[in-house]
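Chain and residue survey
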Amino acid sequence: MSMTLKKPHHVAHHFASEAQEFESARLGMWIFLVQELLFFGALFVVYAIFRWWHPETFMEAHQYLSWKWGAFNTVVLIASSFTMVMAVRSAQVNQRKSLISYLSLTLIFAGVFLGVKYIEYMEKIHHGFLPGSFFSAQGVSEYLHLFFGIYFTMTGLHGLHILVGMALIVWLLIRSFRGEFHSEYYTPLEMVGLYWHFVDLVWIFLFPLLYLIG
Amino acid sequence: MDTSLKIESLMQKGTAFFPGAVGPFADNADSLFYFIFWGSVIIFVGITLFVGYFLLAYRRKKDSQLATGQMTHNTLLELSWTVPPTILVLIVFIWGFKGYLHMAVPPLDAQEIHVNAKKWFWEFGYPNGNKAIGELVVPINTPITLIMSSDDVIHSFFVPNFRIKRDVLPNRYTKLWFEADKVGNYQVFCTEYCGTGHSAMSAIVRVLSAEDYKAWLADANSGDELPLDKLGEKLYTAKACVTCHSTDGSVRVGPSWKGIFDANRPIKGGSTVKGDENYLRESIVNPGAKVVVGFENIMPTYAGSLNDREISALIAYIKTLQ
Amino acid sequence: MSQVPLNYLNATKGLKSWLFTLDHKRIGIMYLMFIAISFGLGGFFALALRLELLNPKELLFTAKQYNQLFTLHGAVMVFLFIVPSIPASLGNFLLPLQLGAKDVAFPRLNLASLYIYVFGGLFCVYSMFSGAVDTGWTFYTPYSIDTSTSVISMTLGAFILGFSSILTGVNFIVTIHKMRAPGMTWFRMPLMVWSLYATAIIQVLATPVLAITLLLLILERTMGIGIFNPALGGDPVLFQHFFWFYSHPAVYIMILPAMGVISELVTAFCRKNIFGYKLVAFSSLAIAIISFFVWGHHLFVSGQSDYAAMIFSLLTYLVAIPSAVKVFNWIATMYRGSIQIKAPFLYFLAFLFLFSIGGFTGIMLGALSLDVHLHDTYFVVAHFHYVMMGGTVMAFIGGLHYWWPKMFGRMYSEFWAFIAWAFVMVGFNMVFFTQFILGAKGMPRRYYSYLDQFQPLHAFSTFGSWVMAVGFILMAFYLMDSLLNGKKAPDNPWGALTLEWQTQSPPLTENFIETPVVTRGPYDFGQEKRS
């Protein structure tokens, strides 16, 4: 990273250098992601325990999920990760236009993901595949309501993370329009990028665990 | 039948810290406690002496305010306060684990008694089908295994004199065994917080001699001869109604029984109902059906815990409380 | 009154300059204020429930009110007071100063943590007025699913407070890694910094598990997802495992910063290098790591497998050793020192004795067969009050007295500090030593009414609570008085060597006029030839 200050980014007063500022932000983000990992990790433990206790329920339940929609969403998210990487790269090589278009693409992919999720949720709700006490569908296993409790909690929290990510991308877009990101300063882009890849990664685990049991 | 229900005091007998010891586990727990206790006292006195000496010897002087030495390491010293404590706690660990294993494995010939915990009483089910609330009667010198479960939230079965305790869970059985070697009445507590009546959720373990126990078995249905209202009065305590209902008009978790017979009872939802025999019976068997205003629907059902004669006896007793 | 030099307190004026400040010192002071209020509130609940226990049966409150009181006492003291106490108030104030930095790495995030804390606190307060929660601060299922009281607002409050804690942890770790002054190597850091570092690691790793657990409990109550509800096929004990996976490490979130404070106190008031710097520093990290593997010792009687119980018991003893080693190191530090007995040092002594008693009784509770008898009795209550109050609170108050001149530029009355200390010590032991005996005799905790035979001990314990209250009220008075009328504090009243004492009292907004260059360890009194 260059140590010269050409553009309007000012290093915060308590940092000695731009490098220190950038490295602090990156370390902070990684530690934050470790925290996120444990947050979802606890949910994966819940999933593992209940799957161990009621394997037949989980086998049955996954048939009520559409693996096609799930696979589609997986592809969408992987694509969005790719566009995010390209956005960061565009900033590094000072291509503002492609930065803005890659960020917009990422935002669109995220929107598509949530749209598909909405379709899936509506279908589940329509058929009564709801968590816990709201469960009203016809099924064979006794504990289907537990599976859907776990399903909605995990995908719901993941969806919430996507929403937060979209808000962050909008914020990045506004700053990109103002020309604040360039080869000398792209810290927020890199940080949101890390977050976005993490959220994608969670989905990469959620998809097979929930949709592809068997 | 021995009618004296005096419970062994937890504060008298026993040692400075522990209540009177009964059964096979007290030895391990008590001796372990006093081992750690005296070990701690010795270390604590040692710490105090050192600190006291340092405070006296190294008080800051007016003329020289500097420390007289700057020792920062002494491997021997550090080893000497790391290794022996480690050995000591390992001894304690093994000692405790042995005692725990003893508790974990009931003898094969143990008598089984089922324990059912509900908010807020203990119900004991004997092999012969008898059920009793609030009183566990066992013969002396006989291993007993309690097979426990809960109808609602988590409870915990604790007999201080026996040094035993085990959580009682809904939807699952937990086991606990003991063998009482002294005749007497011993206090049972619930030690997992379970709501408003938690501290009133007690019971008694009555340890009888072999002959008394035989007599008690024969006498199990002795309630038959009592007049209904007297039997009801007895059941009021024996079936733990007393936990939530008073007989003097004071409000506990549930409404007082005083004066409720034939009175108009305001019910949640706006209507009123007359407190007649049918209403009282319904409230015992299906307490949630009509809940009096100002109270919560928290009473468990007594269907199955009381037979018809006992329900009639309770109603007869309530009639006397005008 | 003499002219007060420019400092962080008078640099800018007005409420706004505080509400939007990014200065870690001001943020620390605001935390201190909220933490003091929380301590007062929790203490008020404690006095109220001790008063009720004067009588074996009903005295002032109904059973339900009593249950709400002890729940609120626990929840307020744990989530609002003791978890943030040292790290968020003293830690925020000190960490950049001790590192020779101008601020923490992320000042905005720091301010956000404060507001998240206040926001979470408001939920807890709301819960008090909307059918106060009565589950105990542990929120055990299925009781917490069934009860009609306001569980959601309190757990949501704790959930939000958790994020404040996590973000503070992230901030501190980065600050320690990246913001050290030139020459401030890892082994030149004050032990306070080491312990804040270990604490921050636990905050980041354990708190999210609590967050998800409380979230699941909220979902359980709103949607009945059934994971913890046996009536729906779930497992209530799973909740306990999750809860203690956070809450046992959380015990070390509470005690590790206290150990850091104690290391500062003993070195400063003995003018002595710490005995075994690296051992003390690394034992903090060891404690932080092992603390993640001992949660099962809260479940010895819950029906977990005997082998699990055995392993948890063994690991519990492993985590006890580093704590014991630290105590011995502090005592050895006094050897051949130049000991000055001032208020902070009195609290060091209080910590030493009370924490040791807490440790010894912890050994008893870690022994499997003995724990079966002592579990969920007053013995446990007494044990954790000796550790948390005798340990953490004593260190916190000691640290507060130690850094008070630096924070506010004023001295307080040593005489009244001694009197208050004496009241607190006597009162504390009256309240809690009694409870060891009560518990071992079989008195279960969370009991509204109790057997008549326990009354004398309960009454003695209640009298003790009044003695202790007098001590704390005195303390509030003389500290307030110090703010208004206290003697002006010199820059380094105790002659300590850590960096925060090398700048003016109170410090400038930027902490140091020039970034300090560190050339020696934090406690190198031997090389320091001044008196």
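Computed from a predicted structure; not experimentally measured.

Each helix and strand counted, chain B has six helices and twelve strands in total. A globule of 322 residues ought to have a C-alpha radius of gyration of about 20 Å, yet chain B, at 28 Å, is considerably larger. On the principal axes, the C-alpha backbone points of chain B span a range of 90 × 50 × 35 Å. Per-residue burial over chain B gives 37% buried out of 322 residues. Sequence separation of 24 or more characterises 64% of the internal contacts of chain B that already satisfy a separation of 6 or more.

In the predicted model, chain C carries a mean pLDDT of 93, and 98% of its residues have values of at least 70. Across the assembled chains, the prediction reports ipTM 0.92 with pTM 0.90.

Moving on, we get to unusual backbone geometry. Excluding glycine, residues mostly have negative phi values, and the peptide bonds linking residues are mostly trans. In this chain, Lys119 of chain B is followed by Trp120 of chain B through a cis amide linkage whose omega measures -10°. Tracing the backbone shows Trp120 of chain B in the loop between strand E1 (111-118) and strand E2 (121-125). Thr141 of chain C connects to Pro142 of chain C through a cis peptide bond whose omega is -5°. Note on placement: Pro142 of chain C falls in the loop between helix H4 (107-129) and helix H5 (143-146). With phi around 60°, Arg336 of chain C is a residue other than glycine that occupies positive phi space. Within the secondary structure, Arg336 of chain C sits in the loop between helix H10 (306-334) and helix H11 (343-366).

It is worth spelling out the interface of chain B and chain C at this point. Note: interface size is frequently given as the accessible area lost on complex formation between the parts. Facing the 74 residues of chain B at the interface are 73 residues of chain C. At the level of secondary structure, the elements contributing two or more residues to the side of chain B that touches chain C comprise helix H1 (26-57), helix H2 (75-104), strand E6 (155-159) and strand E7 (164-168) of chain B. Here the side of chain B that touches chain C gets 18 residues from one element, more than from any other, and that element is H2 of chain B. For the side of chain B that touches chain C, a count of residues per class yields 44 nonpolar, 21 polar and nine charged.

So, about the pairing of E6 of chain B. Residue and element names in this part refer to chain B. Burial within E6 is extensive, with five of its five residues counted as buried. Burial along E6 is two-sided: the face carrying His155, Phe157 and Val159 and the face carrying Ser156 and Phe158 are both buried. Pairing geometry for E6 and E7, over five bridges, is antiparallel. Pairing of Val159 across the sheet is with Ile164, part of E7. Hairpin geometry of E6 and E7 is characterised by an intervening segment of four residues between the two adjacent antiparallel strands and by a positive phi of about 60° at Arg163. The pairing of E6 with strand E9 (residues 184-190) spans two bridges and is antiparallel. Note on E9: the bridge partner recorded for Phe158 is Phe189.

We now examine the nonpolar core. By size, the foremost hydrophobic cluster in this structure holds 314 residues, and its most contacted members are Ile173, Ile262, Tyr347 and Phe351 of chain C. Counting residues per element, this core draws most heavily on helix H8 (residues 236-270) of chain C, at 23 residues. When sequence neighbours within four positions are dropped, the list of residues in contact with Ile262 of chain C reads Trp330, Phe348, Phe351 and Ala395 of chain C. Ranked by size, the runner-up nonpolar core spans 13 residues in total, among them Ile260, Ile284, Leu314 and Tyr317 of chain B.

Moving on, we get to the sheet that holds strand E5 (residues 144-150) of chain B. Residues and elements named next belong to chain B. With mixed pairing, five strands are arranged side by side in an open sheet as E3-E2-E1-E5-E8. Here the strands that pair on one side only, and so sit at the sheet edges, are strand E3 (131-133) and strand E8 (174-178). Each neighbouring strand pair of the sheet contributes to a mean axis angle of 25°, computed without reference to strand direction. Inspection of the sheet shows E1 paired to E5 by seven bridges, in the parallel sense. Across the sheet, residue Ile113 finds its bridge partner in E5, namely Leu146.

This part is about the sheet that holds E9 of chain B. Residue and element names in this part refer to chain B. The five strands are arranged E4-E10-E9-E6-E7 in an open sheet whose pairing can be described as mixed. The outermost strands of the open sheet, each flanked by one partner alone, are strand E4 (135-139) and E7. Across the sheet, the mean angle separating the axes of adjacent strands is 20° when strand polarity is ignored. Two strands pair when backbone bridges link them, and E9 and strand E10 (residues 203-208) are joined in this way by five bridges, in the antiparallel orientation.

The next subject is the interface of chain A and chain C. Chain A puts 27 residues into the contact, and the matching count from chain C is 30 residues. Going through the elements one at a time, helix H1 (18-53) and helix H5 (144-177) of chain A are the ones with two or more residues in the side of chain A that touches chain C. Ranked by the residues each element gives to the side of chain A that touches chain C, the list is headed by H1 of chain A, at 15 residues. Among the residues forming the side of chain A that touches chain C, the class breakdown is 14 nonpolar, eleven polar and two charged.

Right, let's get into helix H13 (residues 378-408) of chain C. Residues and elements named next belong to chain C. When the local axis directions of H13 are compared, the greatest deviation, roughly 45°, occurs at Tyr402, which is followed within four positions by the proline Pro405. In terms of residue burial, H13 counts as a mostly covered element, since 29 of its 31 residues are buried. After H13 finishes, the residue Gly409 shows a positive phi value of roughly 70°.

Criteria and thresholds
Residues numbered from 1 in each chain as written. Chains lettered and ligands numbered in written order. Predicted model: local features only at pLDDT ≥ 70, side-chain atom pairs only at ≥ 80, totals over all residues. Helix = DSSP H or I, 4+ residues; strand = E, 2+ residues; numbered from the N terminus. Rg over C-alpha atoms; globule rule 2.2 N^0.38 Å. Buried ≥ 20, exposed ≤ 12 C-beta atoms within 10 Å, placed from the backbone. Contact = placed C-beta atoms within 7 Å. pLDDT = per-residue confidence, 0-100. Nonpolar A, V, L, I, M, F, W, Y, C, P; charged D, E, K, R; others polar. Pairing = 2+ DSSP bridges. Core = buried A, V, L, I, M, F, W, Y, C linked by C-beta atoms within 7 Å. Axes fitted to C-alpha atoms, helices over the stretch in contact; angles between N-to-C directions. Bend = angle between axes of the 7 residues up to and from the residue.

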